[in-house]
Every structure is written in structure tokens, then in C-alpha cells.
Amino acid sequence: MSKLTNRIFVAGHRGMVGAAIVRRLQSLGFRDIVTRTHAELDLTSQEAVGAFFREEEVSQVYLGAAKVGGIHANNTYPAEFIYENLMIECNVIHAAHQAGIQKLLFLGSSCIYPKHAPQPMKEEALLTGTLESTNEPYAIAKIAGIKLCESYNRQYGRDYRSVMPTNLYGPHDNFHPENSHVIPALLRRFHEAVQRDDEEVVVWGSGSPMREFLHVDDMAAASVHVMELEIENYRAHTQPMLSHINVGTGVDCTIRELAETVARVTGFRGRLVFDASKPDGTPRKLLDVSRLDALGWRASISLEAGLRNAYGWFVENQDRFRG
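Procedures and definitions
- Residues numbered from 1 in each chain as written.
- Predicted model: local features only at pLDDT ≥ 70, side-chain atom pairs only at ≥ 80, totals over all residues.
- Heavy atoms only, no water.
- Helix = DSSP H or I, 4+ residues; strand = E, 2+ residues; numbered from the N terminus.
- Rg over C-alpha atoms; globule rule 2.2 N^0.38 Å.
- Buried < 20%, exposed > 50% of the residue type's maximum accessible area, 1.4 Å probe, protein only.
- Contact = heavy atoms within 4.5 Å.
- Areas by Shrake-Rupley, 256 points an atom, 1.4 Å probe, with all protein chains shown as cover.
- Lys, Arg positive; Asp, Glu negative; His and termini not counted.
- Charge placed at Lys NZ, Arg CZ, Asp CG, Glu CD.
- Polar contact = N/O pair within 3.5 Å; in protein donor to acceptor, adjacent residues only side chain to side chain.
- Salt bridge = Lys/Arg side-chain N within 4 Å of Asp/Glu carboxyl O.
- Pairing = 2+ DSSP bridges.
- Core = buried A, V, L, I, M, F, W, Y, C linked by side-chain atoms within 4.5 Å.
- Phe/Tyr/Trp six-rings, centres within 6.5 Å; stacked < 30°, edge-to-face > 60°.
- Lys NZ or Arg CZ within 6 Å of the ring centre and 35° of its normal.
- Right-handed = clockwise from strand over helix to strand, strands pointing away.

Caption draft 1: Seen up close, the overall build of the chain. Each helix and strand in the chain was counted, giving 11 helices and 13 strands. A compact globule built from 323 residues would reach a C-alpha radius of gyration of about 20 Å, and the chain, at 19 Å, matches this within 12%. Once the C-alpha set of the chain is aligned to its principal axes, its extents read approximately 60 × 40 × 35 Å. Evaluated residue by residue, the chain yields a buried proportion of 52% over its 323 residues. Sequence separation of at least 24 residues holds for 82% of the intrachain contacts in the chain that already meet a minimum separation of 6. Carbon and sulfur atoms make up 49% of the accessible area of the chain, which amounts to about 14,500 Å² in all. Side-chain charges in the chain split into 34 positive and 39 negative, and the spacing between the mean points of these groups amounts to 2 Å.

Written out as C-alpha cells, the structure reads:
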């Protein structure tokens, strides 16, 4: 039977990553993709998730559902970030196991690594130091997700894999004026500055931190690539208790350079002002992607091309982010 007939559940299909995974699967010819909105299935409810997996004959799961946000959101709602993400992971992974589902891909985050981890960050850096305080609750939840997958693999022989993306952006991102990540926040701020004909745009922080950014379509392509790897190949490049795989470009830039690129993409011609009184977060975050490279995948979308794509999507959908 062709793998294209697999019945695949994509958790979080309305989010940026989940939507991209659905697009990728469809482009490859996968036809039986199962999705549920939050109103249809509350992933924080153990009872609801268990019933869903008992009723649906799913053969693969992409766990892309999560509560996400930038520095401001993580600082403001730490309880929600750790609770909701832990509940989603525990419910989906355990219920998938109980339903006899052998293959699952868990999507984590590069914030799992210590704040001062050697750069670029290798998978082996996990649990070797103190996390960045601004998103520690979220990071703890994502680390737990990795260990859940590894534990079910070790105890029950499941094939549950984990991928850790760098900072993602693209269509279906959250462009909320306060609770968004740096790229959508900057795209919106610069767009509105152009609309108002402002002379300057204020950017949070000093502009000196280094960040790596990956377009979500590249992330989706990498996710499907990792999921579809033959198990012998996957195991040859991972360890039972160090099984996660970094996903990134292997290239970073300063926040100042990012802001300058966003200004160019949005057509802003005024001054950039950096507010050093705002938090910078981690000084540098660059992933070592040699493990993924050895498994046969590399990113293909450049930062400027990806920003133009993301900005175009925002302009077409900006009405949903008003207010």
C-alpha cells in the first residue's frame, strides 16, 4: 500500500506550522489528512483527545499544536504557557500510543537550549545549563515533549520523533501588536509606519542580539522529510535519549540587520531607533544543523524572499489583526 494513503492527523492545522505542514503534505500527494479546530477538539482535555483517537483510525500524527508567543507574551502569561503546552503534549502523545499509532512527529523549539549554550547550538546542549528566564516555562514544556516521545520509544517501541525549529515566520503567523514574535511584530510596525508616513520606527532592544530565522514552508518540508525517513537512517544519526533534530538555516543575523531588511521589504524610508531599555532576550541563538544535513535536508528560502512572502500574506489578511 502506498504511503500516500496514510491517514494523517495534523494537530494545530490553523496555526502557522500546522497550516504549512498540511500544504506540504497535500503538495506531495497525501490525500487523507485529518484536522480539527479548537472548537471541535480541545487538546488540553484528556477525555476529548482520548475519544478522538479511539474514533479516528489515524496512522501518523504531526503534533504542531501549541500555545506560542514572543518575549512579552511569555513574561505575561507564564502559567498558561507551561500548563497548556504540557497538557497538549501529554494528551496527544499518550492517546496516540493508546490507540496503537506507531509514528508521531513532535514539533518543539530552539528555546529548549541553555541561554549561554555554545554557538551554534548542537542537540547535545540540551539540559546542560540554565534556560533563558523570559521563556523558561515554555521551554520546560517543550523539553518534556521530547522526553515523552523518547520514553514511549524506549518503553513501548514507538517511533515518535522530535524536531526543534529555530525562529519561524511566514503565512498564518500571529501579527498581534503585543503578543507576536519579532518578525511579525516588525512587519506590522513598519507597515503601519509606512501607512502613517512616520519618520521613525522604534525597535525593542539594542539591536545587537543574533537570531536565526526559518520560513515556515522550509520547516514543513523538513518535518515531512524527518517523518518519512527510514527508521534505520533516523536511528543511525540519533540516540535513544538524545533523539531530537535541529531544524534551521545555519545562518543568523543581528536584530538590527533584520529590522533593516524589514524596512526594505515594507518600503519604510525613515529612521530606525533601538530602545535598549527593552529586554534583548538570549544574546545569540544559532542552531547547529549538521545532523539534519547528514539526514539529507537543507533550507532553501532566503530571509529576504521569505520576508516578502510573509509580508504579502499579512497585507492580504491584515483585517483579521485589527484592534
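Caption draft 2: Representation of the side chain of Glu-56 in the model. Looking at the secondary structure, you find Glu-56 in the loop between helix H2 (46-55) and strand E3 (60-63). Within the local environment of Glu-56, its side chain forms a polar contact with the side chain of Arg-36, the two groups lying 2.7 Å apart. Discounting residues that sit within four places of it in the chain, Glu-56 has contacts with Arg-7, Val-34 and Arg-36.

Caption draft 3: Quick peek at the pattern of salt bridges. By the definition in use, this model includes 17 salt bridges. One salt bridge in this structure joins Glu-304 and Arg-264, with 3.0 Å as the shortest N-O distance. Of this pair, Glu-304 sits in helix H11 (residues 303-317) while Arg-264 sits in helix H9 (residues 255-266), and the two are 40 residues apart along the sequence. Judged by relative accessible area, which is 26%, Glu-304 ranks as partly exposed. Residue Arg-264 is classed as partly exposed on the basis of its relative accessible area, which comes to 47%. When salt bridges with common partners are traced through the structure, they connect Arg-7, Asp-32, Arg-36 and Glu-56 into a single cluster.

Caption draft 4: Highlighting the environment of Leu-107. Relative to the assigned elements, Leu-107 resides in strand E4 (residues 103-107). In the structure, Leu-107 is positioned 38 residues away from Gly-145 in sequence and 8.6 Å away in space, judged by C-alpha atoms. When near neighbours in sequence (up to four residues on either side) are disregarded, Leu-107 contacts Val-17, Ile-21, Leu-63, Gly-64, Lys-142, Val-163, Met-219 and Ser-223.

Caption draft 5: Region of interest: the sheet that holds strand E13 (residues 284-285). As summarised here, the arrangement of the three strands in space is E11-E8-E13, forming an open sheet in which the pairing is mixed. Since the sheet does not close on itself, it has two edges, and those belong to strand E11 (253-254) and E13, each with one partner. Bridging between strand E8 (residues 210-211) and E11 involves two bridges; their strand directions are antiparallel. From the neighbouring strand, Arg-211 faces E11, where its bridge partner is Cys-253.

Caption draft 6: Molecular detail of unusual backbone geometry. Cis rather than trans, the peptide bond between Gln-119 and Pro-120 has omega equal to -10°. With respect to the secondary-structure elements, Pro-120 resides in the loop between E4 and helix H5 (136-156). In this model, His-172 sits at a positive phi of 70°, which is unusual for a non-glycine residue. The phi angle at Asp-197 is positive, at roughly 60°, despite the residue not being glycine. As for its position among the elements, Asp-197 is in the loop between helix H6 (182-196) and strand E7 (200-204).

Caption draft 7: Structural context of the nonpolar core. Phe-9, Phe-53, Val-61, Val-92 and Leu-104 are the most contacted members of the largest nonpolar core, which has 41 residues in total. Listing elements by their share of this core, those giving two or more residues are strand E1 (7-11), H2, E3, helix H4 (78-98), E4, H5 and strand E5 (159-165). If sequence neighbours within four positions are ignored, Val-92 has contacts with Leu-43, Val-49, Phe-53, Val-61, Leu-63 and Leu-104. Phe-30, Tyr-62, Met-219 and Leu-292 belong to the second-largest nonpolar core, a separate cluster that totals 30 residues.

Caption draft 8: Region of interest: the packing of aromatic side chains. A complete count under the given rule lists 11 aromatic pairs for this structure. Arranged with centres 5.1 Å apart and planes meeting at 75°, the rings of Phe-52 and Phe-53 form a pair that is edge-to-face. On the basis of an interplanar angle of 25° and a centroid distance of 6.1 Å, the ring pair of Phe-175 and Trp-313 is categorised as stacked. Here Phe-175 is found in the loop between strand E6 (167-169) and H6, whereas its partner Trp-313 is found in helix H11, with 138 residues between them in sequence. The class for Phe-175 is buried, based on a relative accessible area of 1%. For Trp-313, a relative accessible area of 11% translates into the label buried. Members of the aromatic cluster, connected to one another through ring pairs, are Phe-175, Trp-313, Phe-314 and Phe-321. The lysine or arginine in question, Lys-67, covers the ring of Phe-81, its NZ or CZ lying 5.3 Å from the ring centre.

Caption draft 9: How the structure looks around the pairing of E5. Where burial is concerned, most of E5 is hidden: seven out of the seven residues are buried. Burial along E5 is two-sided: Asp-159, Arg-161, Val-163 and Pro-165 and Tyr-160, Ser-162 and Met-164, pointing in opposite directions, are all buried. Handedness of the crossover joining E4 and E5 through H5: right-handed. For E5 and strand E10 (residues 245-247), the ladder comprises three bridges, and the chain directions are parallel.

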